[in-house]
Amino acid sequence: MKLGIVGLPNVGKSTLFNSLTKAGAESANYPFCTIDPNVGVVAVPDERLKLLGDLYHSKKVTPAVIEFVDIAGLVKGASKGEGLGNQFLSHIREVDAIVHVVRCFEDSNVIHVDGSVDPLRDIETIDLELIFADLEVLERRLSKTAKSAFNDKSLVKEVDLLKALKAHLEDGKAARTFVCDDEDQLAILGSLNLLTYKPVIFAANVGEDDLADDGASNPHVQKVRAFAAETGSQVFVICAQIEEEIAELDDDEKTMFLEDLGLKESGLEKLIAASYDLLGLLSFLTSGEDETRAWTIKKGTKAPQAAGKIHSDFERGFIRAEVVNYKDLLDCGAYAAARDKGLVRLEGKDYVVQDGDVILFRFNV
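Our subject in this report is the structure included herewith. (Residues numbered from 1 in each chain as written. Predicted model: local features only at pLDDT ≥ 70, side-chain atom pairs only at ≥ 80, totals over all residues. Heavy atoms only, no water.)

## Here's the deal with the overall build of the protein
Part 1: Summing up its helical and strand segments, the protein has 14 helices and 12 strands in all.
Part 2: In the protein, buried positions account for 48% of the 365 residues.
Part 3: Counting contacts in the protein only where the partners sit at least 6 residues apart, residues at least 24 apart contribute 69% of the total.
Part 4: Within the structure as shown, the protein displays about 17,800 Å² of accessible surface, and the carbon and sulfur contribution to it stands at 49%. (Helix = DSSP H or I, 4+ residues; strand = E, 2+ residues; numbered from the N terminus. Buried < 20%, exposed > 50% of the residue type's maximum accessible area, 1.4 Å probe, protein only. Contact = heavy atoms within 4.5 Å. Areas by Shrake-Rupley, 256 points an atom, 1.4 Å probe, with all protein chains shown as cover.)

## Here's the deal with the packing of helix α5 (residues 156–170) against helix α6 (residues 183–191)
Part 1: Running from N to C, α5 and α6 point in directions that differ by 60°, and their axes come no closer than 10 Å. Relative to α6, α5 is oriented oblique. By crossing handedness, the relation of α5 to α6 is classed as right-handed. Contacts between α5 and α6 pair Lys 157, Glu 158, Leu 161 and Leu 165 from the former with Asp 184, Gln 185, Ile 188 and Leu 189 from the latter. (Axes fitted to C-alpha atoms, helices over the stretch in contact; angles between N-to-C directions. Parallel < 35°, antiparallel > 145°, perpendicular 65-115°, else oblique. Left-handed = near helix turned anticlockwise from the far one by under 90°.)

## What to know about the packing of helix α4 (residues 119–149) against helix α7 (residues 219–231)
Part 1: The contact between α4 and α7 brings their axes to 9 Å, and the two run at 45°. The angle between the axes of α4 and α7 places the two elements in the oblique class. Along its contact with α4, which presents Pro 119, Leu 120, Ile 123 and Asp 127, the element α7 presents His 220, Lys 223, Val 224 and Phe 227.
Part 2: Tallied by class, the residues present in the contact of α4 with α7 amount to five nonpolar, one polar and two charged. (Nonpolar A, V, L, I, M, F, W, Y, C, P; charged D, E, K, R; others polar.)

## What to know about the environment of Asp 355
Part 1: Within the secondary structure, Asp 355 sits in the loop between β11 (345–347) and β12 (357–363).
Part 2: Taking the relative accessible area as the measure of exposure, Asp 355 reaches 44% and is therefore partly exposed.
Part 3: If we ignore the near neighbours within four places in the chain, the residues touching Asp 355 are Arg 48, Leu 282 and Ser 283.
Part 4: There is a polar contact of 3.2 Å between the side chain of Asp 355 and the side chain of Arg 48.
Part 5: Here the side chain of Asp 355 touches Ser 283 through a polar contact of 2.9 Å, landing on its backbone nitrogen. (Polar contact = N/O pair within 3.5 Å; in protein donor to acceptor, adjacent residues only side chain to side chain.)

## Brief notes about the environment of Ala 203
Part 1: Relative to the elements of secondary structure, Ala 203 occurs in strand β6 (residues 200–205).
Part 2: A residue is classified by how much of its surface remains accessible, and Ala 203, at 0% relative accessible area, is buried.
Part 3: When the C-alpha atoms of Ala 203 and His 100 are compared, they prove to be 5.9 Å apart, with 103 residues separating the residues in sequence.

## Description of the side chain of Ser 275
Part 1: Tracing the backbone shows Ser 275 in helix α10 (residues 267–279).
Part 2: Owing to a relative accessible area of 1%, Ser 275 belongs among the buried residues under this scheme.
Part 3: Not counting the four nearest positions on each side in its chain, Ser 275 is found in contact with Met 1, Leu 3 and Ile 201.

## A word on the sheet that holds strand β5 (residues 97–103)
Part 1: Reading across from one edge, β2-β4-β1-β5-β6-β7 is the order of the six strands in this open sheet, with mixed pairing throughout. Every interior strand has two partners, whereas the edge strands, β2 (38–43) and β7 (234–238), have only one. Pairs of neighbouring strands in the sheet enclose a mean axial angle of 25°, with direction left out of account.
Part 2: Examined bridge by bridge, strand β1 (residues 2–6) and strand β4 (residues 65–70) share four bridges and lie parallel to one another. Of the residues in β4, the one forming a bridge with Lys 2 is Glu 67.
Part 3: Its contacts with the sheet place α4 against β1, β5 and β6, and it is angled at close to 145° to β5.
Part 4: In the packing of α10 onto the sheet, contacts are made with β1, β2, β4, β5, β6 and β7, and the angle to β7 comes to roughly 180°. (Pairing = 2+ DSSP bridges.)

## With respect to helix α2 (residues 47–56)
Part 1: Arg 48, Leu 49, Leu 52 and Gly 53 are the residues of α2 that are buried. Buried residues of α2, viewed axially, fall in a sector of 130°; they line one side. Facing away from the buried surface of α2 by more than 90 degrees, the exposed residues are Glu 47 and Lys 50.
Part 2: Buried residues along α2 sit in contact with β3 (60–62), β8 (281–287), β9 (291–298), α13 (326–332) and β12. (Arc of directions from axis to C-beta.)

## Considerations on the pattern of salt bridges
Oppositely charged side chains can form a pair if their charged atoms are brought close together.
Part 1: According to the stated counting rule, one finds 24 salt bridges in the structure shown.
Part 2: The closest approach of N and O atoms between Asp 290 and Lys 59, which form a salt bridge, is 3.5 Å. Taken as a pair, Asp 290 in the loop between β8 and β9 and Lys 59 in the loop between α2 and β3 lie far apart in primary sequence, 231 residues in all.
Part 3: Exposure remark for Lys 59: the relative accessible area of 64% places this residue in the exposed category.
Part 4: Of the charged contacts, one joins Glu 347 and Arg 345 as a salt bridge, the two residues approaching to 2.9 Å between their closest N and O atoms.
Part 5: Among the residues examined, Glu 347 registers a relative accessible area of 19% and is labelled buried.
Part 6: Because the salt bridges share partners, they merge into one network encompassing Lys 2, Glu 67 and Glu 94. (Salt bridge = Lys/Arg side-chain N within 4 Å of Asp/Glu carboxyl O.)

## Notes on the nonpolar core
Part 1: Core analysis: the largest hydrophobic core is formed by 67 residues, its most contacted members being Phe 68 and Ile 92.
Part 2: Considering every element that reaches this core, the biggest residue donor is α10, with seven residues.
Part 3: If you look at the next biggest cluster of nonpolar residues, it comprises 19 residues, including Leu 142, Leu 155, Leu 161 and Leu 192. (Core = buried A, V, L, I, M, F, W, Y, C linked by side-chain atoms within 4.5 Å.)

Purely geometric stuff here, so don't read any function into it on its own.
So, in structure tokens, the structure goes:
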């Protein structure tokens, strides 16, 4: 999974990136300090892996990972070359979802590029720049397809879709809010790789005092939540400065620090949960003496395709999957004990893999 972190300058974007990845992207109180997109790979916290690794005495434990791309602060007019221009928009095209950091804290020491804190205005500024960039892509595709449609009538449907989508964007609306029920048109829509078609998670960056009640008493956060509800997006509340402090602590210190703040999980854990939910992802597990590992797949994935995540031969020669829920396995204390209790199931090609399944694939190539 690849997530792109965007936001206006001075909203806490690079501070958040630093805390999530410990990659040390330059952070400063002025626009454009992130000149190149910074990339960091983060392990997905998963307590199931350690427990299974201990059970099997695994030599190696390999978590799922998320790649974060910190994209330079966009400003009004970026799509037309203002600020650092639209050269960074290409980096957003490569991601699975966009994490939009929105400033929801008041601090006279941290300058806002527009002079005041207004999260909905900030969201609109970024959205419009992405819409303008999408319109350029759409106009080129429409021009090319319309010419081809003169000789190929099968393209008429695509031209109609592109025209309707163009009108939708010109109305200031993101492509992800475009209503389309036709499967062929949905496939075309997906192939366009539009920035505003990508799912969005809003990171509402608050001060420390707003963390305990998850931003419930912060009017800026409430506005962001209402906007996200209308557009089918996710929101999580975070304090980038606190996350930066958490990033420097070991696991035991982190737990104590979070408890002192009245928190159950870090911002990273909130973000990962929101990302998995938004993108419809889950993790299945494989475990043995050599390695215990988490594999990320889409919800609804069937056993052979899940096997293909490990190796293409597993999918090609799939025979069956031996499946046990990780909790049942841990409760039994051994695979053989779980099998004796009838908790290990033999599943075929139509089995839909569930989160937390521990799977042994049988195959023959």
